[in-house]
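Structure assessment
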Amino acid sequence: SDDGKLSFNEFKAYFADSVLSGEELHELFRTIGTHNTETFVGDVGFFLLLDYFTKHLGEYENVLSVLEDLNITILKAMDKTKKDYQKASSLEQFVTRFPLKETLNQLQSLQSSLECAMESTEEQSRQERKDPTKPEVLSVQWPGKCSARRLQRSNSLSSNNPYSSTGWIEEDSQWVIQINRLQKLIDRLEKKDLKLEPLEEEVLEENGRSHIMIVQHQMSVKEEKVEEFHLALKQYLEFASAQGGCLHVSIQKIPSNFHFIVYEFWENSNAWNSHLQMNYSKTFQRRNVDFLETPELITTMLVP
């Protein structure tokens, strides 16, 4: 609330994690609140909070200091890029885009290592709480415990890099903000020549009769129901194609799984709505409840 203090609700909203209980967080809150003081008045002052965590930072005091310097350096670089990019030659623009992308890759790699470290430490704490009688300490491994998605997007950093992926700290909101800013800047730089001309305005009729209705069905079919689904889909398409307002129907199947995409083109939204009321359409929708792994995803769009 910008009053220079933290209430317990504010403290909990920021510091809560997946390990400590509400009671434990409240005990920590009281510990900080009474740190170097004789009384506890209900709120934690900023300097009490700063003093408490400063004494517990250890090696991370240097890490956070480096991050602060990195944040300032990146903002300065992006500001200069914004000023110089448009008037630069094509080659100079490419040379500018390359370090931007490389910086983003390095930040994402470091972020992946931090996420892995957080997952590992939280998992270790949860396991210790489930079985507190075990004397041994669970090993913390990263990035091996990361999901395949994070490993694929990670780029290893050189061992002599001061921001090497072997270091990890708690994820900081400002860190994420700067990564997002970098991504948005790259997107804007790469799309600066995009032009949508000529600009013409068209008044859309409320009933949409002058616009074609495009419908996309996405369906993930159970493996044991594929044959039955094929028969039901064939009947549905035969009936739909025979309707006067149907312009075209096509099917795509994803080879790696039992995922089907059906595209339907209708003369207008009225024709599509009439089609939905037909018995063959309702029957197909009812049968899909048994055929599909997940609910059918239907997307519609009016096109002039």
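Definitions and cut-offs
The numbering scheme is per chain: residues are counted from 1 as the chain's sequence reads. Side-chain atom pairs in this predicted model are given and counted only at pLDDT of 80 or more, local residue features only at pLDDT of at least 70, and totals for whole chains, interfaces and linings cover all residues. Side-chain numbers come from the whole structure's heavy atoms, not from hydrogens or water. Pairs of strands are assigned from DSSP output, requiring at least two bridges between the strands. Where helices and strands are cited, they refer to DSSP runs of H or I of at least four residues and of E of at least two residues respectively, numbered from the N terminus. Comment: axis = line fitted to C-alpha atoms, over the contacting stretch for helices; angle = value between 0 and 180 degrees taken between N-to-C directions. Contacts between residues were defined by any pair of non-hydrogen atoms, one from each residue, lying within 4.5 Å. Only protein chains enter the accessibility calculation, which uses a 1.4 Å probe; a residue is then buried when its area is under 20% of its type maximum, exposed when over 50%, and partly exposed in between. What pLDDT reports is the predictor's confidence in each residue, on a scale of 0 through 100. Residues enter patches when they are more than 30% accessible in relative terms and free of salt bridges; like-charged ones are connected within 9 Å and nonpolar ones (Val, Leu, Ile, Met, Phe, Trp, Tyr) within 5 Å. The Shrake-Rupley method, run with a 1.4 Å probe, gives the accessible areas here. Residue values count only the displayed protein chains as cover. Between Lys or Arg on one side and Asp or Glu on the other, a salt bridge is scored when a side-chain nitrogen of the former is within 4 Å of a carboxyl oxygen of the latter. We call a crossing left-handed when the near helix sits turned anticlockwise from the far one by less than a right angle, and right-handed when that turn is clockwise. Side-chain classes are defined by residue name, with Ala, Val, Leu, Ile, Met, Phe, Trp, Tyr, Cys and Pro counting as nonpolar, Asp, Glu, Lys and Arg as charged, and the others, Gly among them, as polar. Buried Ala, Val, Leu, Ile, Met, Phe, Trp, Tyr and Cys residues that are joined via side-chain atoms within 4.5 Å together make up what is termed a nonpolar core. In summary, the pairing rule links any two rings of Phe, Tyr or Trp, Trp by its six-membered ring, whose centres are within 6.5 Å, and it sorts them by plane angle into stacked for under 30 degrees, edge-to-face for over 60 and tilted for everything else. Take the number of residues in a helix, subtract one, and multiply by 1.5 Å to get its expected span. The arc in question is the one traced by the directions running from the helix axis out to the C-beta atoms.

- The name given to the protein in an unreviewed UniProt entry is NECA1 protein, and the organism recorded there is Pheucticus melanocephalus.

1. A word on the sheet that holds strand β6 (residues 297-303)
- Strand order in this open sheet of four strands is β4-β5-β3-β6, and the pairing throughout is antiparallel. Where the open sheet ends on each side, the last strands, each with one partner, are β4 (246-254) and β6. Averaged over all adjacent pairs, the angle separating strand axes in this sheet is 15°, with direction ignored.
- One ladder, built from eight bridges, connects strand β3 (residues 212-220) with strand β5 (residues 259-266); its direction is antiparallel. Paired with Q216 across the bridge in β5 is Y263.
- Each of β3, β5 and β6 touches helix α9 (residues 269-276); the most contacted strand, β5, lies at about 125° to it.

2. Looking at the environment of N279
- Within the secondary structure, N279 is located in helix α10 (residues 279-291).
- Of the residues examined, N279 reaches a relative accessible area of 62% and is grouped as exposed.
- Measuring from C-alpha to C-alpha, the distance between N279 and F239 comes to 9.9 Å, with 40 residues separating the pair along the chain.

3. Let's talk about the confidence of the model for the protein
- Summing up the model confidence of the protein, the mean pLDDT is 75 and the portion of residues at 70 or higher is 73%.
- Considering only residues more than four positions removed or in separate chains, one finds that residues 133-171, a stretch of pLDDT under 50, has 57 contacts.

4. Things to note about a nonpolar patch on the surface
- Residues L91, F94, V95 and F98 make up a contiguous nonpolar surface patch of roughly 440 Å² in combined accessible area.
- Here F98 shows up in helix α5 (residues 90-130).
- A relative accessible area of 51% means that F98 is categorised as exposed.

5. Examining the packing of helix α1 (residues 8-15) against helix α2 (residues 22-33)
- For the pair α1 and α2, the least separation of the axes is 10 Å and the interaxial angle reads 115°. The element α1 and its partner α2 pack so that their crossing is right-handed. Counting all contacts with α1, which are made through F8, F11, K12 and F15, the residues of α2 involved are G22, L25, H26, L28, F29 and I32.
- Of the residues contributing to the contact of α1 with α2, the split by class is seven nonpolar, two polar and one charged.

6. Re the nonpolar core
- By size, the foremost hydrophobic cluster in this structure holds 22 residues, and its most contacted members are F229, L233, W266 and F284.
- Here this core gets seven residues from one element, more than from any other, and that element is helix α8 (residues 226-241).
- Discounting residues that sit within four places of it in the chain, F229 has contacts with M219, V221, F260, F284, N288, F291 and L292.
- In terms of nonpolar packing, the next biggest core, distinct from the first, is built from 11 residues, L67, L100, L107 and L182 among them.

7. Structural notes on the pattern of salt bridges
- The full count for this structure, using the stated rule, is four salt bridges.
- Residues K55 and D51 are paired through a salt bridge, measuring 3.8 Å at the closest nitrogen-oxygen approach.
- D51 gets classed as partly exposed once you look at its relative accessible area, which sits at 27%.
- Put simply, D84 and K80 hold a salt bridge, and the shortest N to O gap is 2.7 Å. Separated by four residues within a single helix, D84 and K80 lie in helix α4 (residues 60-84), roughly one turn from each other.

8. A closer look at the packing of aromatic side chains
- Inspection of the entire model under this criterion finds 13 aromatic pairs.
- Three or more aromatic residues link up through ring pairs in this structure, and these residues are F8, F11, Y14, F15, F29, Y52 and F53.

9. Section: α10
- Counted at 1.5 Å a residue, the expected span for α10 with its 13 residues is 18 Å, and the 18 Å between its end C-alpha atoms agrees.
- Of all the residues in α10, the buried ones are Y280, S281, F284, N288 and F291. Angularly, the buried residues of α10 cover 95° about the axis, an arc narrow enough to put them on a single face. In α10, those exposed residues whose orientation departs by more than 90 degrees from the buried face are N279, R286 and V289.

10. Topic: the pairing of β5
- Across the eight residues that make up β5, a large majority, six, are buried.
- Pairing geometry for β4 and β5, over eight bridges, is antiparallel. Across the sheet, the residue bridging to Q252 is I261, located in β5.

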